[in-house]
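Chain by chain, the residues run as shown.
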Amino acid sequence: MVGNAAVNVESSNPIARYNLSPVFPRLEFDMPVELTSAYDNSNRLFVVEQKGRIMSFVNHADVKSASVFLDISGKVDSGGEKGLLGLAFHPDYENNGYFYVNYTRSSPLETVISRFKVEGTNALSTAASEKILLRFAQPFSNHNGGKIAFGNDGFLYISAGDGGSGGDPRNNGQDLRSLLGKILRIDVNKTSGKKMYSIPTDNPFRNNDKGYREEIYAYGIRNAWRFNFDRVTGWLWAGDVGQNAIEEVDIIEKGGNYGWRIMEAEDCFKPRDCLKENLILPIWSYRQGHTTGRSVTGGYVCRDSDLGDLYGKYIYGDFVSGNIWALTYSGKKAVKNELIANLADGLSSFGEDEKKNLFVLAYSSGKIYQVVAN
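We now turn to the structure provided with this report. Not measured: the values here are computed from a predicted model. (Residues numbered from 1 in each chain as written. Predicted model: local features only at pLDDT ≥ 70, side-chain atom pairs only at ≥ 80, totals over all residues. Heavy atoms only, no water.)

A separate point is the state of the cysteines. Each disulfide consists of a covalent bond between the sulfur atoms of two cysteine residues. Tallied over the full model, the rule gives 1 disulfide. Note on cysteine connectivity: Cys268 is disulfide-linked to Cys274, with sulfurs 2.1 Å apart. In this structure the cystine formed by Cys268 and Cys274 twists about its S-S bond by roughly -75 degrees; its chirality is therefore left-handed. Taking relative accessible area as the criterion, Cys268 reaches 15% and is therefore assigned buried. (Disulfide = S-S within 2.5 Å. Buried < 20%, exposed > 50% of the residue type's maximum accessible area, 1.4 Å probe, protein only.)

Structure representation (structure tokens):
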């Protein structure tokens with residue numbers, strides 16, 4: 001069995017020297033699920049609204065309004081765990097104007113990974129500029145994953161949930177012929193045949209003769225709603241939402257099997273007397289409960305030097321309880337997990353600006369908060 005999971009008791013009270021501060025008081029968004037920057041030196045932030053809009057605004061506390069950067073609400077099937085779920089700007093966005101989104105659409109229900117383009121640094125995009133890269137069927141309405149991001153290697157990473165229902169009835173997490181229940185990795189800078197992307201040369205199943213999907217980077221994932229890269233180490237951190245008992249935090253490695261549905265975090269799931277060899281355990285997990293929560297929201301390794309001893313710790317939370325924790329680790333082993341704050345109205349996502357300031361999105365109120373030192 002690979003990996004070293006830690007199960008410790010979290011601190012009962014928040015660390016007093018940190019809290020959540022409301023920012024951009026004049027702005028309010030409709031079910032926000034993502035906040036990011038284009039890293040184009042424009043000092044703009046972008047907020048993804050689940051129903052199908054991306055809003056942009058200047059990163060100043062007194063900003064009066066946000067503009068519609070993209071509206072594809074007419075294409076998006078939203079509600080529950082469906083909708084416009086992810087946004088990633090190309091590493092060379094400042095020059096090529098490319099950005100990528102992850103959304104669900106109906107008839108048939110499927111996940112779509114598309115590229116859009118803007119002309120000029122401050123121009124808006126249009127739905128007509130869409131180029132679909134990848135799409136795959138969703139058998140049920142939930143567990144759609146949703147996150148996309150470029151790694152330090154320049155490749156696009158995609159979170160694909162296990163397809164939904166409960167207990168992964170089709171065992172998609174372990175089926176290497178399916179894109180569901182995986183972290184995918186593609187090269188958007190090269191085309192291959194009729195595809196608008198190619199397979200990186202070191203993808204673990206590239207050129208296999210068993211029918212395994214070559215886009216797969218890692219598997220055994222239930223529903224990694226949010227993942228992010230630590231740009232210093234290059235590590236990919238993911239929060240994988242649990243089934244009935246345990247939420248988990250994983251460091252995703254190439255070719256890794258993270259266990260689902262064989263295991264739910266450290267516990268055998270199906271079968272109950274499972275074989276755990278060659279499965280990667282989470283670096284951290286917590287049992288579902290009233291005080292801890294029931295739906296992990298993956299965050300960021302803090303790289304904001306103004307946040308003192310939070311620097312270098314993994315900051316993450318729970319959508320249901322609103323708890324926000326700081327995970328201290330040594331290598332890929334957890335050392336300590338500390339509760340640092342709480343958000344009362346649906347912690348849907350974390351975000352960063354160009355200066356690595358950490359933000360938190362409140363799903364219900366549509367407000368944005370910043371993690372700050374007292």
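A few words now on the sheet that holds strand β9 (residues 131-137). Spatially, 4 strands are ordered β6-β7-β8-β9 in an open sheet, and the strand pairing comes out antiparallel. Across the chains shown, the open sheet's two edge strands, defined by having one partner strand only, are β6 (84-89) and β9. Averaged over all pairs of adjacent strands, the angle between their axes in this sheet comes to 15 degrees, without regard to strand direction. (Pairing = 2+ DSSP bridges. Helix = DSSP H or I, 4+ residues; strand = E, 2+ residues; numbered from the N terminus. Axes fitted to C-alpha atoms, helices over the stretch in contact; angles between N-to-C directions.)

Next up on the list: the packing of aromatic side chains. Enumeration over the complete set of coordinates arrives at 26 aromatic pairs. Considering the side-chain rings of Phe205 and Tyr212, the 5.7 Å spacing of their centres and the 85 degrees angle between planes classify their relative orientation as edge-to-face. Of the residues examined, Tyr212 reaches a relative accessible area of 22% and is grouped as partly exposed. Taken together, a centroid distance of 5.8 Å and an interplanar angle of 70 degrees make the contact between Phe319 and Tyr363 edge-to-face. (Phe/Tyr/Trp six-rings, centres within 6.5 Å; stacked < 30°, edge-to-face > 60°.)

What follows deals with the sheet that holds strand β15 (residues 236-240). Here we have 4 strands laid out as an open sheet, ordered β14-β15-β16-β19, and antiparallel in their pairing. Among the strands making up the open sheet, the edge pair consists of β14 (226-229) and β19 (284-287). Each neighbouring strand pair of the sheet contributes to a mean axis angle of 10 degrees, computed without reference to strand direction.

Following the criterion strictly, the structure yields 21 salt bridges and no others. A salt bridge links Glu110 to Arg105, with the nearest nitrogen and oxygen atoms 2.6 Å apart. Glu110 gets classed as buried once you look at its relative accessible area, which sits at 6%. What makes Arg105 partly exposed here is its relative accessible area of 23%. Between Glu110 and Arg135 there is a salt bridge; the shortest N-O distance is 3.3 Å. Note that Glu110 is positioned in strand β8 (residues 110-117) and Arg135 in strand β9, a separation of 25 residues in sequence. Each of Asp153, Arg185, Asp202 and Lys254 takes part in a single network of salt bridges with overlapping partners. (Salt bridge = Lys/Arg side-chain N within 4 Å of Asp/Glu carboxyl O.)

Here the focus is the environment of Tyr286. Here Tyr286 is to be found in strand β19. On the basis of relative accessible area, Tyr286 is assigned to the buried category, the value being 3%. Of note is the side chain of Tyr286, whose polar atom sits 2.5 Å from the side chain of Asp318. (Polar contact = N/O pair within 3.5 Å; in protein donor to acceptor, adjacent residues only side chain to side chain.)

Below, the discussion takes up the nonpolar core. By size, the foremost hydrophobic cluster in this structure holds 38 residues, and its most contacted members are Ile54, Phe69, Phe99, Val101, Trp237, Ile283 and Tyr316. Top element by residues in this core is β6. It accounts for 4 residues. The next biggest cluster of nonpolar side chains, apart from the first, holds 22 residues, and it includes Ala160, Leu184, Phe205 and Ile216. (Core = buried A, V, L, I, M, F, W, Y, C linked by side-chain atoms within 4.5 Å.)

This part takes up the environment of Lys147. Along the chain, Lys147 turns up in the loop between β9 and β10 (148-150). With a relative accessible area of 4%, Lys147 lands in the buried category. Distance in space between the C-alpha atoms of Lys147 and Phe227 is 6.5 Å, their sequence separation being 80 residues. Non-local contacts of Lys147, meaning those with residues more than four positions away in its chain, are made with Glu34, Asn102, Tyr157, Ile158, Ser159, Trp225, Arg226, Phe227, Asn228 and Tyr300. (Contact = heavy atoms within 4.5 Å.)

Most of strand β11 (residues 156-160) is tucked away, with 5 of its 5 residues classed as buried. Burial along β11 is two-sided: Leu156, Ile158 and Ala160 and Tyr157 and Ser159, pointing in opposite directions, are all buried. Bridge count between β10 and β11: 3 bridges; the pairing is antiparallel. From the neighbouring strand, Ala149 faces β11, where its bridge partner is Tyr157. Pairing of β11 with strand β12 (residues 182-186) involves 5 bridges; the strand directions are antiparallel. Within the sheet, the bridge partner assigned to Tyr157 lies in β12 and is Arg185.

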